[in-house]
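Structural overview for review
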Amino acid sequence: EELSAWNISVNPTGKNLPPGQGTVAEGKIVYAEKCAMCHGDAGQGMPPAYPQLVGKDPTDFSFDNDFKITHTMGNSWPYATTLYDYINRAMPLTAPGSLQPAEIYAVVAYLLAANGVIADSAVMNATTLPAVKMPARDRFVVDDRSGGGTFR
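Computed from a prediction, not measured in an experiment: that's the story for all the values here.

Focus: helix 6 (residues 101-114)
- When the terminal C-alpha atoms of helix 6 are compared, their 20 Å separation across 14 residues agrees well with the 20 Å that a helix rising 1.5 Å per residue should span.
- The buried count for helix 6 comes to 11 of 14 residues, which makes it a mostly enclosed element.
- Taken as a whole, helix 6 has its buried residues at Glu103, Ile104, Tyr105, Ala106, Val107, Val108, Ala109, Tyr110, Leu111, Leu112 and Ala113.
- Against the buried residues of helix 6 lie strand 1 (21-23), helix 2 (24-34), helix 4 (73-76), helix 5 (80-90), strand 2 (123-125) and helix 7 (128-131).
- Where helix 6 terminates, the next one or two residues include glycine 116, which has phi positive at roughly 75 degrees.

Notes on unusual backbone geometry
- Looking along the chain, the bond that leaves proline 47 and enters proline 48 is cis, with omega of 5 degrees.
- For proline 48, the position within the fold is in the loop between helix 3 (36-39) and helix 4.
- The residue after methionine 91, namely proline 92, is reached through a cis peptide bond having omega -10 degrees.
- Position of proline 92 relative to the elements: it lies in the loop between helix 5 and helix 6.
- The phi dihedral of asparagine 16 falls on the positive side, at around 80 degrees, and the residue is not glycine.

Conventions adopted
Residues numbered from 1 in each chain as written. Predicted model: local features only at pLDDT ≥ 70, side-chain atom pairs only at ≥ 80, totals over all residues. Heavy atoms only, no water. Helix = DSSP H or I, 4+ residues; strand = E, 2+ residues; numbered from the N terminus. Expected span 1.5 Å × (residues − 1). Buried < 20%, exposed > 50% of the residue type's maximum accessible area, 1.4 Å probe, protein only. Contact = heavy atoms within 4.5 Å.

Shown next as structure tokens:
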């Protein structure tokens, strides 16, 4: 029972996403209250400690050849569900795990919209979030090794 309470991981398929939903407008409010103090009011980051979350163009992958170009979740993360998982586990830095599912869905919606990945009218929930196709998804190499353990 104690271990199952810690089983909060969300994989790329969306397994373990909880009930709830959030909109971009709701996410903008939650972000301003709980995220902007570290990541900036528009996701620009607060160097050197807090990374930039919002980039200019989610399809700009030129950082492959220029280390000065910033990686953001919009242009370098393969799955939108990873964003939910990370925020759920680690944010906000001052109180990790304190956000409710609806707040997390809302912040995810806000960040995805701010990065131009989804429309401002989108609603994120356990069905719509796994369906989001991140711009960088096809830039990753599929792990097709065989042998060894079956867990991936």
